[in-house]
Amino acid sequence: MGKRKLAVFASGSGSNFEAIAEGCRSGAIVDAEVVLCVCDRPGAKVLERAERFGVRSFVFSPKAYATKSDFEREIADLMDSLGVELVCLAGYMRIVGEELLGRYGGKIVNIHPALLPAFPGAHAIKDAFEYGVKVYGVTIHEVDATLDGGRIISQVAVPYEGGDIEELEAEIHKAEHKLYVETINKILA
Ligand code: GRF
């Protein structure tokens, strides 16, 4: 049996992309490979990481398309042709639309840097920090039409009582990388 094929969607740095690609390379994610990096921001750092891992990228500017369905159709066609089985959103700063949900529904997961349902949205770490929580965390969930609202697959707590948000972010990212690798491996098993 061939390797299971993953697509990773990212908009920015791509440290989670790298953790997943490295997890496939090292065998921590068993019998899988990242065959596609989808990025909606030309010039994003994730693209350098994809190149380093020899992973094909599909980069696009959403503004160049009339509607979300137009670019999602192109992405889904490409994923069909590559035989993608699981789509991992990793800092993809966009709500997935009906075209992708219709064709890949149930096969799309997302990582969120908070213990959902607390602190949904794009600034979860800052929001939790400003709120003054003592236990932060990471959630991996199925993606549906809601913002950060799909069924929870896995979570891990990250206790932190310091006052340095950069240190906190580093702790949370470390927890993300570990949880994403473990969870993808379980999903595929
Ligand atoms: C992560 O914190 C992820 O949870 C959130 O966006 C961030 C992406 O970081 N959705 P990176 O691009 O993987 O480094």
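Structure: above.
### Concerning the layout of surface pockets
What the largest pocket holds in volume is close to 830 Å³. G91, Y92, M93, I111 and P113 are, among the 37 residues lining the largest pocket, the residues nearest its centre. Among the secondary structure elements, those contributing two or more residues to the lining of the largest pocket are α1 (15–26), β5 (108–112), α5 (124–131) and α6 (165–188). In terms of residues, the lining of the largest pocket owes the most to one element, α6, which gives 4 residues. Among the residues making up the lining of the largest pocket, the classes are represented as 15 nonpolar, 15 polar and 7 charged.

### Details of the site of the ligand
All residues in the neighbourhood of the ligand are listed as S13, G14, S15, N16, G91, I111, H112, P113, H173 and E176. Interatomic distance of 2.2 Å between a side-chain N/O atom of E176 and an oxygen atom of the ligand. Computed on the free molecule, the ligand has an accessible area of 360 Å², of which 84% lies beneath the protein chains in the complex. For the ligand, the cavity whose grid points lie within 2 Å of the majority of its atoms is the largest pocket. Looking at the shell around the ligand residue by residue, the classes come out as 2 nonpolar, 7 polar and 1 charged.

### Observations regarding the pairing of strand β4 (residues 86–89)
Every second residue of β4 is oriented toward a common face, with L86 and C88 on one face and V87 and L89 on the other, all of them buried. The sheet contact formed by strand β1 (residues 4–10) and β4 spans 4 bridges and is parallel. Directly across from L6, in β4, lies its bridge partner L86. Relative to β5, β4 runs parallel, the two being bridged by 3 bridges. If you follow L89 over to β5, its bridge partner there is N110.

### Details of unusual backbone geometry
Peptide bonds are, in most cases, trans, and in most cases residues other than glycine have a negative phi. Across the junction of L116 and P117, the peptide omega takes the value 10°, indicating a cis bond. Structurally, P117 can be placed in the loop between β5 and α5. One non-glycine residue, D31, adopts positive backbone phi at about 55°. Position of D31 among the secondary structure elements: in the loop between α1 and β2 (32–39). Positive phi, normally seen in glycine, also occurs at F119, with a value near 55°. Mapped onto the secondary structure, F119 falls in the loop between β5 and α5.

### Side note on the packing of α5 against α6
The contact between α5 and α6 brings their axes to 11 Å, and the two run at 125°. Judged by the angle between their axes, α5 and α6 are oblique. The interaxial crossing formed by α5 with α6 has right-handed handedness. In contact with I125, K126 and F129 of α5, α6 contributes I165, L168, E169 and I172. Tallied by class, the residues present in the contact of α5 with α6 amount to 5 nonpolar, no polar and 2 charged.

### Quick notes on the packing of aromatic side chains
The relation between two aromatic rings is expressed through the spacing of the ring centres and the mutual angle of the planes. Under the counting rule described, the total for this entry stands at 8 aromatic pairs. Where F119 meets Y131, the ring centres are 5.8 Å apart and the plane angle is 70°; that geometry is what we call edge-to-face. Linking F119 in the loop between β5 and α5 with Y131 in helix α5, this pair joins segments that are 12 residues apart in sequence. Here the aromatic rings of Y136 and Y160 are separated by 6.4 Å at their centres, their planes lie at 65°, and the arrangement is edge-to-face. One end of the pair, Y136, is in strand β6 (residues 135–142); the other, Y160, is in the loop between β7 (152–159) and α6, and 24 residues separate them in sequence. An aromatic cluster of at least three residues, connected via ring pairs, comprises F58, F60, Y65 and F71.

Reading guide: rules and limits
Residues numbered from 1 in each chain as written. Predicted model: local features only at pLDDT ≥ 70, side-chain atom pairs only at ≥ 80, totals over all residues. Heavy atoms only, no water. 1 Å grid on protein atoms, 1.4 Å probe; cavity = no way out; pocket = protein on both sides within 12 Å on 5 of 7 lines; lining within 4 Å. Points joined across faces, edges and corners; volume = space filled by probe spheres on them. Helix = DSSP H or I, 4+ residues; strand = E, 2+ residues; numbered from the N terminus. Nonpolar A, V, L, I, M, F, W, Y, C, P; charged D, E, K, R; others polar. Near = heavy atom within 4 Å. Polar contact = N/O pair within 3.5 Å; in protein donor to acceptor, adjacent residues only side chain to side chain. Areas by Shrake-Rupley, 256 points an atom, 1.4 Å probe, with all protein chains shown as cover. Sits in = over half its atoms within 2 Å of the grid points. Buried < 20%, exposed > 50% of the residue type's maximum accessible area, 1.4 Å probe, protein only. Pairing = 2+ DSSP bridges. Axes fitted to C-alpha atoms, helices over the stretch in contact; angles between N-to-C directions. Parallel < 35°, antiparallel > 145°, perpendicular 65-115°, else oblique. Left-handed = near helix turned anticlockwise from the far one by under 90°. Contact = heavy atoms within 4.5 Å. Phe/Tyr/Trp six-rings, centres within 6.5 Å; stacked < 30°, edge-to-face > 60°.

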